[in-house]
Amino acid sequence: MWNSQPNPYQNPNQQQANQKHDIFVGNLAFSTTEEQLHQAFSELGRIIKIRMVTDLETGKPRGFAFVEFEKAQDALSAIRNMNEYELN
């Protein structure tokens with residue numbers, strides 16, 4: 001999970017609201033779709049965004065993605081519950 005540095009001039013509630021809660025999802029089949037990822041991970045919390053990584057030259061999937069959750073605890077739950085999970 002990657003978080004930007006907090007702004008010391010914001011109150012703590014604003015800092016928490018502005019943080020990203022991304023998880024890395026690797027070893028995906030090249031045929032995996034964004035919809036399949038959303039379906040699998042949405043059971044664990046509210047998803048803000050899914051970013052499927054593709055090759056810049058060919059546009060083909062690279063076999064990994066990032067799933068951004070609204071809450072940090074949902075992202076941690078996804079890491080615990082989906083580790084070693086086979087999607088396809």
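Provided above is the structure to which this section pertains.
What you see is a predicted model; the values in this text were computed from it and never measured.

Here the focus is the side chain of glutamate 68. By the secondary structure assignment, glutamate 68 is in strand β3 (residues 61–69). Residue glutamate 68 is classed as buried on the basis of its relative accessible area, which comes to 10%. Dropping the residues within four chain positions of it, glutamate 68 is found in contact with Lys20, His21, Asp22, Arg46, Ile47, Ile48, Lys49 and Arg51.

For helix α2 (residues 34–41), the complete set of buried residues consists of Leu37, Ala40 and Phe41. Looking down the long axis of α2, one finds its buried residues gathered within 85° of arc, a one-sided arrangement. Seen from the buried face of α2, the exposed residues on the opposite side, beyond 90 degrees, are Glu35 and Gln39. In this fold, the buried residues of α2 make contact with β1 (21–25), β2 (47–54), β3 and α3 (72–82).

We now examine unusual backbone geometry. With a phi angle near 55°, asparagine 27 is a residue other than glycine that sits in the positive phi range. Mapped onto the elements of the fold, asparagine 27 is located in the loop between β1 and α2. Notably, glutamate 84 is not glycine yet its phi reads approximately 70°, a positive angle. Within the secondary structure, glutamate 84 is located in the segment after α3.

On to the nonpolar core. If you look at the biggest cluster of nonpolar residues, it comprises 15 residues, and the most contacted ones within it are Ile23, Val25, Leu37, Phe41, Val67 and Phe69. Sequence-distant contacts of isoleucine 23, that is, excluding residues within four places in its chain, are made with Phe41, Ala65, Phe66, Val67, Phe69, Ala75, Ala78 and Ile79.

Right, let's get into the environment of asparagine 88. Its location among the elements puts asparagine 88 in the segment after α3. The contact partners of asparagine 88, leaving out residues within four places of it in the chain, are Ala29, Ser31, Thr32 and Gln36.

This next bit is on the pattern of salt bridges. Taken as a whole and assessed by the stated rule, the structure comprises 3 salt bridges. Aspartate 22 serves as the salt-bridge partner of arginine 51, at 3.1 Å between the closest nitrogen and oxygen. One end of the pair, arginine 51, is in strand β2; the other, aspartate 22, is in strand β1, with 29 residues separating them in the sequence. Residue classification places aspartate 22 among the buried residues on the basis of a relative accessible area of 4%. In this structure, glutamate 68 and arginine 51 form a salt bridge, with 3.6 Å as the shortest nitrogen-oxygen distance. Placement of glutamate 68 in strand β3 and of arginine 51 in strand β2 is noted, with a sequence separation of 17 residues between them. Three or more residues joined by partner-sharing salt bridges are found here, namely Asp22, Arg51 and Glu68.

Parameters at a glance
Residues numbered from 1 in each chain as written. Predicted model: local features only at pLDDT ≥ 70, side-chain atom pairs only at ≥ 80, totals over all residues. Heavy atoms only, no water. Helix = DSSP H or I, 4+ residues; strand = E, 2+ residues; numbered from the N terminus. Buried < 20%, exposed > 50% of the residue type's maximum accessible area, 1.4 Å probe, protein only. Contact = heavy atoms within 4.5 Å. Arc of directions from axis to C-beta. Core = buried A, V, L, I, M, F, W, Y, C linked by side-chain atoms within 4.5 Å. Salt bridge = Lys/Arg side-chain N within 4 Å of Asp/Glu carboxyl O.

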